[in-house]
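Listed below, chain by chain, are the residues.
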Amino acid sequence: MHSSDANRYRMLADEARRCAAGMRDHDSQRMMLRIAREYEELMTRAEWLVSCKVDRRSECLPHVRSDGQPDGN
């Protein structure tokens, strides 16, 4: 994972938000905004993984619950 991955996800989130702004159909707009939020989540994870790689911490990986969400530990 590279910092360029996080930048790409940020750009895709911005593009999805711009696309949503031009939509008239509310369901489509809501879906596009959800896609933007998911790209932001990917961006956050990519940034986190890069910071772990830089810090060389092997224990960095988050614990993930069965629903796919990070555990609070």
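Please refer to the structure placed before this passage.
Residues numbered from 1 in each chain as written. Predicted model: local features only at pLDDT ≥ 70, side-chain atom pairs only at ≥ 80, totals over all residues. Heavy atoms only, no water.

Draft legend 1. Highlighting the overall build of the protein. When its secondary structure is counted, the protein shows two helices and zero strands. Residue pairs in contact within the protein that sit at least 24 positions apart in sequence constitute 43% of those at least 6 positions apart. When the accessible surface of the protein is split by element, carbon and sulfur atoms take 51% of a total near 5,900 Å². (Helix = DSSP H or I, 4+ residues; strand = E, 2+ residues; numbered from the N terminus. Contact = heavy atoms within 4.5 Å. Areas by Shrake-Rupley, 256 points an atom, 1.4 Å probe, with all protein chains shown as cover.)

Draft legend 2. Structural view of the pattern of salt bridges. Per the stated rule, a full pass over the model turns up five salt bridges. Between E47 and R10 there is a salt bridge, and its shortest N-O distance comes to 2.6 Å. Taken together, the residues span a long stretch of sequence, with E47 in helix 2 (residues 26–55) and R10 in helix 1 (residues 3–21) at a distance of 37 residues. Notably, a salt bridge pairs E40 with R17, separated by 2.4 Å at the nearest N-O pair. Residue E40 is found in helix 2, and its partner R17 is found in helix 1; the two are separated by 23 residues along the sequence. The class of E40 is partly exposed, set by a relative accessible area of 28%. Via salt bridges that share partners, D14, R17 and E40 belong to a single interconnected network. (Salt bridge = Lys/Arg side-chain N within 4 Å of Asp/Glu carboxyl O. Buried < 20%, exposed > 50% of the residue type's maximum accessible area, 1.4 Å probe, protein only.)

Draft legend 3. Structural view of the packing of aromatic side chains. Scanning all chains against the criterion turns up one aromatic pair. Where Y9 meets Y39, the ring centres are 6.4 Å apart and the plane angle is 25°; that geometry is what we call stacked. Remark: Y39 occurs in helix 2 and Y9 occurs in helix 1; sequence separation between them is 30 residues. What makes Y9 partly exposed here is its relative accessible area of 24%. (Phe/Tyr/Trp six-rings, centres within 6.5 Å; stacked < 30°, edge-to-face > 60°.)

Worth remembering: the numbers are spatial, not functional.
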